[in-house]
Amino acid sequence: SNPRVEYGIWLQNVASIYDLDALTLEELVSQTNKNCEDMANEVPLLNYLRDVLGNQSITGCSDAVQYCNSLTKMPSYELDGGMGYTTRMFCPETCGCNIPGGEFANIQGCPFNNGEPCRSSDVFRAYRQSATCLEMTAEELRNHTPWLKRIEAIRAYAESDGDFEGKSEAWTLSQAMYD
């Protein structure tokens, strides 16, 4: 056993290594997760998730749900060290990536773009077909948990440490959304 080796994958064909080298992690997830399902419930992605979250006791995506709304400033993984982004990428089902307008405000990391797994999933399409657009009053929105979580996520960015672009605008936006 080599103590420097943390991850490994088995391939049927050595030529596959060339394909893997040409893909970004996001592209690999998009290609291998056709149904927008949680991928970090088993190794090797469970080990990767544990390392990013700094918690070796995590046994699967259900243990990482608290990171689904964590704010990651891309592409440098600032604010949370990439914890939210990685959790959403590897645990899209747990993080609600397949439910448009769902409970979690942050979708960065979700395989969510046109043609990607979450947007193409049966669950996503069913939600879009059955969804109704309701206009809410400001008072109703102030009592609507998903709306409040979106405001909270924007405020977290506005209040974050560091000199990030758009922080003052984020604060103004979050206040306008609440008012």
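Residues numbered from 1 in each chain as written. Predicted model: local features only at pLDDT ≥ 70, side-chain atom pairs only at ≥ 80, totals over all residues. Heavy atoms only, no water.

1. Regarding the overall build of the protein chain
Next, step 1: Helices and strands together make up the secondary structure of the protein chain, namely 9 helices and 0 strands.
Next, step 2: Ordering the α and β elements of the protein chain from the N terminus gives α-α-α-α-α-α-α-α-α.
Next, step 3: Within the span of the protein chain, comprising 179 residues, buried residues form 33% of the whole.
Next, step 4: Within the protein chain, contacts between residues at least 6 apart in sequence are counted, and of these 50% link residues at least 24 apart.
Next, step 5: Accessible area of the protein chain: about 11,500 Å², with a carbon and sulfur share of 50%. (Helix = DSSP H or I, 4+ residues; strand = E, 2+ residues; numbered from the N terminus. Buried < 20%, exposed > 50% of the residue type's maximum accessible area, 1.4 Å probe, protein only. Contact = heavy atoms within 4.5 Å. Areas by Shrake-Rupley, 256 points an atom, 1.4 Å probe, with all protein chains shown as cover.)

2. Thoughts on the confidence of the model for the protein chain
Next, step 1: The share of residues in the protein chain with pLDDT of 70 or more is 87%, and the mean pLDDT across the chain is 83.
Next, step 2: The secondary-structure element of the protein chain with the lowest mean pLDDT is helix α1 (residues 16-21), recorded at 62, while helix α3 (residues 45-53) shows the highest, at 94. (pLDDT = per-residue confidence, 0-100.)

3. Topic: the environment of M39
Next, step 1: The residue M39 is located in the loop between α2 (25-32) and α3 in this model.
Next, step 2: A residue is classified by how much of its surface remains accessible, and M39, at 19% relative accessible area, is buried.
Next, step 3: Residues M39 and C61, 22 residues apart in the sequence, show an inter-C-alpha distance of 8.1 Å.
Next, step 4: Beyond its immediate chain neighbours, meaning those up to four positions away, M39 contacts V29, T32, N33, L45 and F90.

4. A word on the nonpolar core
Next, step 1: By size, the foremost hydrophobic cluster in this structure holds 24 residues, and its most contacted members are A40, L49, L53, F90, C91 and C97.
Next, step 2: Counting only elements with at least two residues in this core, the list comes to α3 and α4 (83-90).
Next, step 3: Top contributing element to this core by residue count: α4, with 4 residues. (Core = buried A, V, L, I, M, F, W, Y, C linked by side-chain atoms within 4.5 Å.)

5. Quick notes on the state of the cysteines
Next, step 1: For the structure shown, the criterion picks out 4 disulfides.
Next, step 2: Residue pairing for C36: its cysteine sulfur links by disulfide to C118, the two sulfurs lying 1.9 Å apart. As the torsion about the S-S bond is roughly 70°, the C36-C118 disulfide counts as right-handed. On the criterion of sequence distance, the pair formed by C36 in the loop between α2 and α3 and C118 in helix α5 (residues 117-120) is long-range, its members being 82 residues apart.
Next, step 3: Residue C97 pairs covalently with C110 via a disulfide, S to S 1.9 Å. Classification of the bridge connecting C97 and C110 rests on its S-S torsion, roughly -65°, and on that basis the disulfide is left-handed. In this pair, C97 sits in the loop between α4 and α5 while C110 sits in the loop between α4 and α5, placing the two residues 13 residues apart along the sequence. Grouping residues by exposure puts C97 and C110 together as buried.
Next, step 4: Numbered by order of appearance in the sequence, the disulfide-linked cysteines of the protein chain pair as 1-8, 2-4, 3-5, 6-7. (Disulfide = S-S within 2.5 Å.)

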